[in-house]
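So the chains spell out like this:
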Amino acid sequence: MVTVATEMTAEEVVATMHIGEMADRSQMSLRTIRHYDEVGLLTPSGRTEGGFRLYTERDFSRLMVIRRMKPLGFSLDEMAELLRVVDRLGEAGAGAGAGAGAGAGEETAAASDGAGEARAALDGFIEQATARRAKLEEQISMADEFIELLKAQ
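The structure contained in this document is the topic of the report that follows. (Residues numbered from 1 in each chain as written. Predicted model: local features only at pLDDT ≥ 70, side-chain atom pairs only at ≥ 80, totals over all residues. Heavy atoms only, no water.)

What follows covers the packing of helix α2 (residues 19-26) against helix α3 (residues 30-38). Running from amino to carboxyl end, α2 crosses α3 at an angle of 110°, the nearest separation of the two axes being 9 Å. When the interaxial angle is binned, α2 and α3 end up roughly perpendicular. In this structure, the crossing between α2 and α3 has a hand that is right-handed. Packed against α2, whose contacting residues are Ile19, Gly20, Met22, Ala23 and Ser26, the element α3 presents Leu30, Ile33 and Arg34 at the interface. Looking at the contact of α2 with α3 residue by residue, the classes come out as five nonpolar, two polar and one charged. (Axes fitted to C-alpha atoms, helices over the stretch in contact; angles between N-to-C directions. Helix = DSSP H or I, 4+ residues; strand = E, 2+ residues; numbered from the N terminus. Parallel < 35°, antiparallel > 145°, perpendicular 65-115°, else oblique. Left-handed = near helix turned anticlockwise from the far one by under 90°. Contact = heavy atoms within 4.5 Å. Nonpolar A, V, L, I, M, F, W, Y, C, P; charged D, E, K, R; others polar.)

The structure is reproduced here in structure tokens:
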């Protein structure tokens, strides 16, 4: 029996993976994944009756976003904020196709405001990631120069 933390489709329930598979696929440690759960960064989509974490492909994708942010020096808080922004954009995109009943225009306007703020926040993350990548590129260049100096000795 599976306890579901969030709404999962039948396909997701069947396609869940335990933390060990998540660790293997992501090349991250069990300890790190558990830590992300403890701090609320990556909550498993479900748990078995025995309490074992169950993850979906959607959870795996979120973990990969986190993993890609680490080398760029983003903090856990920044990672959490980016995931919230991505969630808001996903919700705004899903809401855009929602019903067109009475009052739908007001909801659409509010959703588009939220989507605009989320898009602006995402653009900020893109700028930060680009700047951090440039810094890493500079450091790699210096490392290459250092290696060449050592080889010349």
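It is worth spelling out the packing of aromatic side chains at this point. Each aromatic ring pair is characterised by the separation of its centres together with the angle its planes make. Enumeration over the complete set of coordinates arrives at one aromatic pair. For the ring pair Phe74 and Phe125, a centre distance of 6.1 Å and an interplane angle of 45° mean the geometry is tilted. Of the two residues, Phe74 is situated in the loop between α4 (57-69) and α5 (76-96) and Phe125 in helix α6 (residues 104-152); the sequence distance between them amounts to 51 residues. Sitting over the face of the ring of Phe60, Arg25 holds its NZ or CZ atom 4.0 Å from the ring centroid. (Phe/Tyr/Trp six-rings, centres within 6.5 Å; stacked < 30°, edge-to-face > 60°. Lys NZ or Arg CZ within 6 Å of the ring centre and 35° of its normal.)

This model, assessed by the stated rule, comprises nine salt bridges. One salt bridge in this structure joins Asp87 and Arg62, with 2.7 Å as the shortest N-O distance. Remark: Arg62 occurs in helix α4 and Asp87 occurs in helix α5; sequence separation between them is 25 residues. Between Lys151 and Glu148 there is a salt bridge, with the nearest N and O atoms lying 3.9 Å from each other. Here Glu148 and Lys151 lie together in helix α6, a separation of three residues that amounts to about one turn. Taking relative accessible area as the criterion, Lys151 reaches 61% and is therefore assigned exposed. Classification of Glu148 by relative accessible area gives partly exposed; the value is 48%. Through salt bridges that share partners, Asp37, Arg47 and Arg53 make up one connected network. (Salt bridge = Lys/Arg side-chain N within 4 Å of Asp/Glu carboxyl O. Buried < 20%, exposed > 50% of the residue type's maximum accessible area, 1.4 Å probe, protein only.)

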